[in-house]
Amino acid sequence: MSVRPLSPKTLAITLAGVAAACLLFSWLALPRILQSQAESFIAVKTGHRLTLDRPEFNPFALSLRIANLHLTEPD
């Protein structure tokens, strides 16, 4: 049984697909995950209530923008 090496074209297409999938994940899913995890982490660790708009993550510039961040006292 011999293993055939990948052609450069197949390797390039595969790498481009993986890169596109990573960019889409970080652009679409990561902000929602970050928002829910931040709110629950603050609630569990401090008892405070954290509210924020959905964060905006730019995977090309590696920047994160968080708007309307509010931290309220526990009841």
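Look up: the structure comes first, before these words.
Notes on the structure follow. This structure is a prediction, so every number in the text was calculated from the model and none was measured.

1. Some points on the side chain of Ser-26
Next up, step 1: With respect to the helices and strands, the residue Ser-26 is situated in helix 1 (residues 8–46).
Next up, step 2: Ser-26 gets classed as buried once you look at its relative accessible area, which sits at 10%.
Next up, step 3: Engagement of the side chain of Ser-26 in a polar contact is seen with the backbone oxygen of Leu-23, the distance being 3.1 Å.
Next up, step 4: Apart from the residues within four sequence positions on either side, Ser-26 is in contact with Pro-31, Phe-57 and Pro-59.

2. Some remarks on the side chain of Gln-35
Next up, step 1: Mapped onto the fold, Gln-35 is located in helix 1.
Next up, step 2: Within the local environment of Gln-35, its side chain forms a polar contact with the backbone oxygen of Leu-52, the two atoms lying 2.9 Å apart.
Next up, step 3: Once residues within four sequence positions are removed from consideration, Gln-35 is found in contact with Leu-52, Asp-53, Arg-54 and Pro-55.

3. Some details on unusual backbone geometry
The phi angle of most residues is negative, glycine excepted, and most peptide bonds adopt the trans form.
Next up, step 1: Even without glycine at this site, Leu-62 takes up a positive phi of about 50 degrees.
Next up, step 2: Structurally, the position occupied by Leu-62 is in the loop between strand 2 (56–58) and strand 3 (63–65).
Next up, step 3: A positive phi is found at Asn-68, a non-glycine position, where the angle reads about 55 degrees.
Next up, step 4: Its location among the elements puts Asn-68 in the loop between strand 3 and strand 4 (70–72).

Conventions we followed
Residues numbered from 1 in each chain as written. Predicted model: local features only at pLDDT ≥ 70, side-chain atom pairs only at ≥ 80, totals over all residues. Heavy atoms only, no water. Helix = DSSP H or I, 4+ residues; strand = E, 2+ residues; numbered from the N terminus. Buried < 20%, exposed > 50% of the residue type's maximum accessible area, 1.4 Å probe, protein only. Polar contact = N/O pair within 3.5 Å; in protein donor to acceptor, adjacent residues only side chain to side chain. Contact = heavy atoms within 4.5 Å.

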